[in-house]
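# Chain and residue survey
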Amino acid sequence: MRNRSVLLLVLSLPAVLAACSPGEEPAATEGPPPGREGGPLARDGGEPPAGATGTIRGRFEGDGEAALYVRLRPVAVYVEKVEGKTFEPPAEEACLDQKDYEFVPRVLPILVGTTVRFTNSDDVRHNVHDSGDPSRLDFSFRLGEVRTGIFEEPGVVTIRCRYHSQMVAYLVVVETPWFATSDEEGAFEIDRVPPGNYRLTFWHEKIPATSLPVHVEAGGTTEAIFRP
Ligand SMILES: [Cu+2]
């Protein structure tokens with residue numbers, strides 16, 4: 001996966017109709033989002049009836065340093081690109097807040113083309129920049145201010161604040177609407193996946209990304225075990 005992304009930065013409209021607001025948990029970190037092709041997908045182009053999709057449920061097994069990392073920080077888990085298929089980004093914005101001198105959430109998987117809403121919930125000046133290529137994204141703002149950006153290319157974008165070196169977030173820009181972040185136990189679930197064979201990738205900031213094949217059946221649950 002390329003470690004780059006194109007960002008178009010624009011001032012957002014007032015927060016009145018925002019899907020998420022400063023201080024709140026992000027509304028959508030799990031697919032699929034709404035959209036013409038964001039939901040269940042059939043190979044003939046139509047949408048399968050309810051119950052015709054499956055679930056991928058997984059967890060992490062093992063000990064040592066990697067297992068500790070998985071408990072400390074979330075993992076982004078996502079279905080890799082399906083050849084010949086693209087998906088419309090969700091109408092709803094994804095949210096990345098800065099609160100108590102941290103980015104919230106720290107790991108944010110999104111579908112390519114998704115608009116990310118950046119907010120500042122602290123009464124200090126924060127900065128948001130793409131540490132891999134600040135020319136793509138670099139702004140500072142104060143409490144209550146909002147910016148939005150659209151991420152058009154797949155890859156991991158490392159976001160940092162110029163004023164507080166401990167602040168970091170990872171936007172994991174992926175090519176399907178089927179993704180999730182792991183919980184404190186390292187468990188995850190991705191539902192409404194159409195039947196088929198896919199590659200499932202696990203991304204963590206401290207562990208080399210790995211992937212494994214998964215087979216999804218209608219109405220079924222596929223178990224995916226990641227051993228870091
Ligand atoms: Cu800051």
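Note that the structure is a prediction, hence the values are computed from the model and not measured. (Residues numbered from 1 in each chain as written. Predicted model: local features only at pLDDT ≥ 70, side-chain atom pairs only at ≥ 80, totals over all residues.)

As a further point, take the overall build of the protein chain. Within the protein chain, the regular secondary structure consists of one helix and 17 strands. In the protein chain, which comprises 228 residues, the proportion classed as buried is 36%. Of the contacts formed within the protein chain by residues at least 6 apart in sequence, a portion of 72% connects residues at least 24 apart. (Helix = DSSP H or I, 4+ residues; strand = E, 2+ residues; numbered from the N terminus. Buried ≥ 20, exposed ≤ 12 C-beta atoms within 10 Å, placed from the backbone. Contact = placed C-beta atoms within 7 Å.)

So, about the nonpolar core. Formed by 45 residues in total, the largest nonpolar core has its most connected members in V77, L171, V172 and F179. For this core, the element with the most residues is strand 12 (residues 168-174), which contributes six residues. Filtering out sequence-adjacent residues up to four positions away, V172 remains in contact with A76, Y78, V107, L108, P109, V156 and W203. (Core = buried A, V, L, I, M, F, W, Y, C linked by C-beta atoms within 7 Å.)

The mixed open sheet is built from three strands, whose spatial order is 14-2-17. Each end of this open sheet is capped by a strand with a single partner; those strands are strand 14 (188-193) and strand 17 (221-226). Taking the axes of each pair of neighbouring strands and ignoring which way they run, one obtains an average angle of 20° across the sheet. Pairing of strand 2 (residues 54-60) with strand 17, which is carried by six bridges, proceeds in the parallel orientation. Residue pairing across strands places I56 opposite T222, the latter belonging to strand 17. (Pairing = 2+ DSSP bridges. Axes fitted to C-alpha atoms, helices over the stretch in contact; angles between N-to-C directions.)

So, about the pairing of strand 7 (residues 115-120). Within strand 7, five of the six residues are buried, leaving the element largely enclosed by the surrounding structure. Bridge count for strand 4 (residues 94-99) against strand 7 is five bridges, and the pairing is parallel. Considered in strand 7, the bridge of L96 is made with F118. One ladder, built from five bridges, connects strand 7 with strand 10 (residues 146-151); its direction is antiparallel. When the bridges of strand 10 are listed, V116 appears paired with G149.

Attention now goes to the pairing of strand 6 (residues 107-111). Most of strand 6 sits inside the fold, with five of its five residues counted as buried. Sheet analysis places strand 6 next to strand 12, joined by five bridges and oriented parallel. Residue pairing in the sheet places V107 in a bridge with Y170 of strand 12.

Looking at the element boundaries, Q98 is found in strand 4. Q98 sits in the buried class, given 25 other C-beta atoms within 10 Å. Along the primary structure Q98 and C161 are separated by 63 residues, whereas in three dimensions their C-alpha atoms are 9.4 Å apart. The residues touching Q98, leaving out its near neighbours within four places in the chain, are F103, N120, S121, D122, H126, C161 and M167.

Strand order in the open sheet formed by five strands is 6-12-11-8-9, and the pairing between neighbours is mixed. Either end of the sheet is taken by a strand with one partner, and the two such strands are strand 6 and strand 9 (138-141). With strand direction ignored, the average angle separating the axes of adjacent strands in the sheet is 20°.

This next bit is on unusual backbone geometry. Cis peptide bonds are those with omega within 30 degrees of zero, and the linkage from V104 to P105 qualifies with 0°. Of note in this structure, R192 is not a glycine but carries a positive phi near 60°. Inspection of the secondary structure assignment puts R192 in strand 14.

For the protein chain, the mean per-residue pLDDT works out to 84, and 78% of the residues sit at or above 70. Here residues 1-6 scores under 50 on pLDDT; set against residues more than four positions off or in separate chains, the count is 22 contacts. Per-residue pLDDT stays below 50 along residues 8-19; that stretch engages in 18 contacts with residues further than four places along the chain or on separate chains. (pLDDT = per-residue confidence, 0-100.)

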